[in-house]
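# Results of the structural survey
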Amino acid sequence: MRPEKNLVINEIKARVDKTPYVLLTDYTGMQVPQFNELRNRLSAAKAEFRVVKNTLLRRALQGSNLPDLETYLHGQSAVILGDSDVSAAAKVLKNFTAEFKKPQLKVGILDRAVLDVAQITALADLPSKEVLQAKLLGLLMAPASTLVRLINTPASQIAQVLKAYVDNGVPVTPAKPAAEPVKAKSEVAEAAPVARAAAAAEPAAAKPEVAEAAPVAKPDVAVEPVAAATPATEASTETK
């Protein structure tokens, strides 16, 4: 094999070893403007579109210990290689193919696993890596926020929240017990004047009972009867 071919094989092998995925396509019928347009779109997704001969690609894949793609190495082949997000590259390829009917997807490799066309199309329908990371972060943060709500929940309503988790797996924010304290205050406020009126009326009703129950005081010293005047006394009085 000529040295230049070995150089190409080693270059492809080094690139394949670094990329997490490889998408193999058939570019038959594509024109130069379409090549440039697809390369520009894939560049925005941090991927590249590269034409390579089947014999060179076969040797590069064998040297990288990747799955055997011998069945798909026919016709005019081009590979899509990327740095991180396979769903973004698959989405670009799906939209481009829907618009231009080219290139045709053959097979893919993701983390050393072979993917068929249906599986790659499913990856294209996934949200972007950034969106998935944001959703994952939200799921990780949800238990912490739920715990805070549970701590602040009155004890009488914790059973409701736990039952909602068991039944539906969705937390239910308990209703605030705002009406009950207001009602209790109004009842106390209404009962207070009645209690004061009863307290004020009770001593007045008790006074007559004390007065009636008290015995009439009797004099302790007996009064001696006044003696009747005698005739001698009356005469002595007249002589004076």
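Bear in mind the structure is a predicted one, so any value in this text is a computation, not a measurement. (Residues numbered from 1 in each chain as written. Predicted model: local features only at pLDDT ≥ 70, side-chain atom pairs only at ≥ 80, totals over all residues. Heavy atoms only, no water.)

What follows concerns the overall build of the protein. Scanning the protein for helices and strands turns up 9 helices and 5 strands. Counting every position in the protein, which comprises 240 residues, the buried fraction comes to 25%. Taking the contacts inside the protein whose residues are at least 6 apart along the sequence as the reference set, 75% of them involve residues at least 24 apart. For the protein, the exposed area adds up to about 16800 Å²; of that, 61% sits on carbon and sulfur atoms. (Helix = DSSP H or I, 4+ residues; strand = E, 2+ residues; numbered from the N terminus. Buried < 20%, exposed > 50% of the residue type's maximum accessible area, 1.4 Å probe, protein only. Contact = heavy atoms within 4.5 Å. Areas by Shrake-Rupley, 256 points an atom, 1.4 Å probe, with all protein chains shown as cover.)

On inspection of all chains with the given rule, the structure shows 3 aromatic pairs. Judged by centre distance (4.5 Å) and plane angle (35°), the rings of phenylalanine 96 and phenylalanine 100 are tilted. Note that phenylalanine 96 and phenylalanine 100 are positioned in helix H4 (residues 86–100) at a spacing of 4 residues, about one turn of the helix. Overall, phenylalanine 96 belongs to the buried group, its relative accessible area being 0%. When its relative accessible area of 25% is taken as the criterion, phenylalanine 100 is described as partly exposed. The rings of Tyr27, Phe35 and Phe49 are connected pair by pair, giving a single aromatic cluster. (Phe/Tyr/Trp six-rings, centres within 6.5 Å; stacked < 30°, edge-to-face > 60°.)

Moving on to helix H1 (residues 3–18). For H1, built from 16 residues, the straight-helix expectation of 22 Å at 1.5 Å per residue is met to within 8% by its first-to-last C-alpha distance of 23 Å. Among the residues of H1, Ile9, Ile12, Arg15 and Val16 are the ones counted as buried. Down the axis of H1, the buried set is contained in an arc of 130°. They therefore lie on one face. Exposed and oriented more than 90 degrees from the buried face of H1 are Pro3, Leu7 and Lys18. Those residues of H1 that are buried lie in contact with strand E1 (21–26), strand E2 (47–51), helix H3 (54–63) and strand E3 (77–82). (Expected span 1.5 Å × (residues − 1). Arc of directions from axis to C-beta.)

Turning our attention to the environment of alanine 47. Assignment of secondary structure puts alanine 47 in strand E2. Exposure remark for alanine 47: the relative accessible area of 9% places this residue in the buried category. The spatial distance from the C-alpha of alanine 47 to the C-alpha of leucine 81 is 5.5 Å, given a sequence separation of 34 residues. Beyond its immediate stretch of four places on either side in the chain, alanine 47 contacts Tyr21, Leu42, Ile80, Leu81, Gly82 and Ala89.

We now examine the packing of H4 against helix H5 (residues 117–124). When two helices pack together, you describe them by how their axes are tilted relative to each other and by the distance separating the axes. Orientation of H4 relative to H5, taken along the N-to-C sense of each, is 105°, at an axis distance of 7 Å. If you check the angle between H4 and H5, you find them roughly perpendicular. Residues Val86, Ser87, Ala90, Lys91 and Lys94 of H4 lie in contact with H5, whose contacting residues are Ile120, Thr121, Leu123 and Ala124. Grouping the amino acids of the contact of H4 with H5 by side-chain chemistry returns 5 nonpolar, 2 polar and 2 charged. (Axes fitted to C-alpha atoms, helices over the stretch in contact; angles between N-to-C directions. Parallel < 35°, antiparallel > 145°, perpendicular 65-115°, else oblique. Nonpolar A, V, L, I, M, F, W, Y, C, P; charged D, E, K, R; others polar.)

Coordinates in, geometry out; function isn't part of it.
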